[in-house]
Amino acid sequence: MFYYLLKYVLLGPLLRLVFRPRIEGLGQVPSSGAAIVAGNHLSFSDHFLMPAVLKRRITFLAKAEYFTGPGIKGRLTAFFFHSAGQIPVDRSGKDAGQAAIREGLGVLGKGELLGIYPEGTRSHDGRLYKGKVGVAVMALKAGVPVVPCAMIGTFEAQPPGRKIPRIHPVTIRFGEPLDFSRYAGMENEKAILRAVTDEIMYAILSLSEQEYVDRYAADVKAAEAERKAEEKRRTPRMPLR
């Protein structure tokens, strides 16, 4: 109930008024039945803009940190994400990927739309990064189509670290559903999973026209953080007078 209150009364109209998003290819999203909508992830705003324009309800797998914050702010954030139909997924530990797949298959098993960001995290620089194969596992196990989606302009509207979005043109572009039924029963083949994931990422890239980086975003972020930390360690401190 609260999901539709947010979509049609509280948040949806506000997002449309502020961002005035241009929607392309909305008819590519199946009007019924289970399907995965796989998109690039440029901004915190993506979580709200895509559901606001879709005609159907969509459930995203969201990082568990959104549900476990401390204090009143943390509880309000958790309530908001739960009410919006988002599912918390712990991304730490060796079993994190399997947990996310189980949750995603549960959504698809009910004939619903599942939203997923194959990059696994937000892009820190606006580029598109290598996709993780969980999206391929779910698509093959559930036997559902994958609709590629490109969020364009949301990085400029709300880049990492910016709490309040700025006014900037936004386009949400959906592509033709991808059918992977030819790979039915091959969800345990690593080469197949990589091929399916790469095909999905190429479709997203074609829609978004981003620069592509053939590395995982999380690895690049970690390397960048380590580089900055090393620079800080090497920077000599000014002597106190």
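Refer to the structure above for everything that follows.
Sequence order as written defines the numbering, with residues in each chain counted from 1. Local features in this predicted model are restricted to residues of pLDDT 70 or higher, and side-chain atom pairs are both shown and tallied only at a pLDDT of 80 or more, whereas totals for entire chains, interfaces and linings draw on every residue. By convention in this description, side-chain values take in all heavy atoms of the structure and omit both hydrogens and water.

(A) Seen up close, the sheet that holds strand 8 (residues 171–174). A strand pair is defined by DSSP finding two or more bridges across the two strands. Only DSSP runs of H or I with at least four residues qualify as helices, and only runs of E with at least two residues qualify as strands; both kinds are numbered from the N terminus onward. Here we have seven strands laid out as an open sheet, ordered 1-8-7-2-5-3-4, and mixed in their pairing. Edge positions in the sheet fall to strand 1 (22–24) and strand 4 (87–89), since each has one partner strand and no second. The sheet shows a mean angle of 25° between the axes of neighbouring strands, direction not considered. When strand 3 (residues 58–63) meets strand 4, the two strands line up parallel, connected through three bridges. Of the residues in strand 4, the one forming a bridge with Lys63 is Val89. Any two residues whose heavy atoms approach within 4.5 Å at even a single point are treated as in contact. Each axis is a line fitted through C-alpha atoms, and for a helix only the stretch in contact is used; angles between axes span 0 to 180 degrees, taken between their N-to-C directions. In this fold helix 6 (residues 134–142) packs onto strand 2 (35–39), strand 5 (113–116) and strand 7 (146–152), with an angle of close to 165° to the strand it touches most, strand 2.

(B) Here's a closer look at helix 2 (residues 12–19). Buried residues are those whose accessible area, probed at 1.4 Å on protein chains only, stays under 20% of the maximum for their type, while exposed residues exceed 50% and partly exposed ones sit between those limits. Along helix 2, the residues classified as buried are Gly12, Leu15 and Phe19. The arc that holds the buried residues of helix 2, viewed along the axis, is 65°, so those residues lie on one side. Downstream of helix 2 by a residue or two, Arg20 has a phi angle that is positive, lying close to 45°. Directions pointing from the helix axis toward each C-beta atom define the arc.

(C) Fine view of a nonpolar patch on the surface. Exposure above 30% relative accessible area and no salt bridge define the residues that can form patches, which grow by joining like charges within 9 Å and nonpolar side chains of Val, Leu, Ile, Met, Phe, Trp and Tyr within 5 Å. Areas reported as accessible are Shrake-Rupley estimates using a 1.4 Å probe. Residue values count occlusion only from the protein chains shown. Salt bridge criterion: a side-chain nitrogen from Lys or Arg within 4 Å of a carboxyl oxygen from Asp or Glu. Judged by side-chain polarity, Tyr4, Leu5, Tyr8, Val9 and Leu10 come together as a nonpolar surface patch covering roughly 480 Å² of accessible area. Note on Leu10: relative accessible area 47%, which makes it partly exposed.

(D) Fine view of the nonpolar core. One finds Ile36, Ala38, Phe180 and Ile200 to be the most contacted residues of the largest nonpolar core, which totals 32 residues. Here this core gets eight residues from one element, more than from any other, and that element is helix 8 (residues 190–208). Contact partners of Ala38, with chain neighbours within four places excluded, come to Ile116, Pro118, Val135, Val146, Val147, Pro148, Cys149, Ile200 and Ile204. Core analysis: the second largest hydrophobic core is formed by 27 residues, Ala35, Phe67, Leu113 and Tyr117 among them. Here, nonpolar core refers to any group of buried Ala, Val, Leu, Ile, Met, Phe, Trp, Tyr and Cys residues whose side-chain atoms link them within 4.5 Å.

(E) Here's a closer look at the pattern of salt bridges. The final tally for this structure, using the stated rule, is 10 salt bridges. One salt bridge in this structure joins Glu211 and Arg127, with 3.5 Å as the shortest N-O distance. One end of the pair, Glu211, is in the loop between helix 8 and strand 9 (212–213); the other, Arg127, is in the loop between strand 5 and strand 6 (128–129), with 84 residues separating them in the sequence. Here the residues in one salt-bridge network are Arg22, Glu24 and Arg173, joined through shared partners.

(F) Quick look at the side chain of Glu187. For Glu187, the position within the fold is in the loop between strand 8 and helix 8. In this charge count, Lys and Arg are treated as positive and Asp and Glu as negative; neither His nor the chain ends contribute. In this structure, Glu187 is buried with no salt-bridge partner, the nearest side chain bearing the opposite charge being Lys141 at 5.7 Å. Apart from residues lying up to four places away in sequence, Glu187 is in contact with Val137, Leu140, Lys141 and Leu193.

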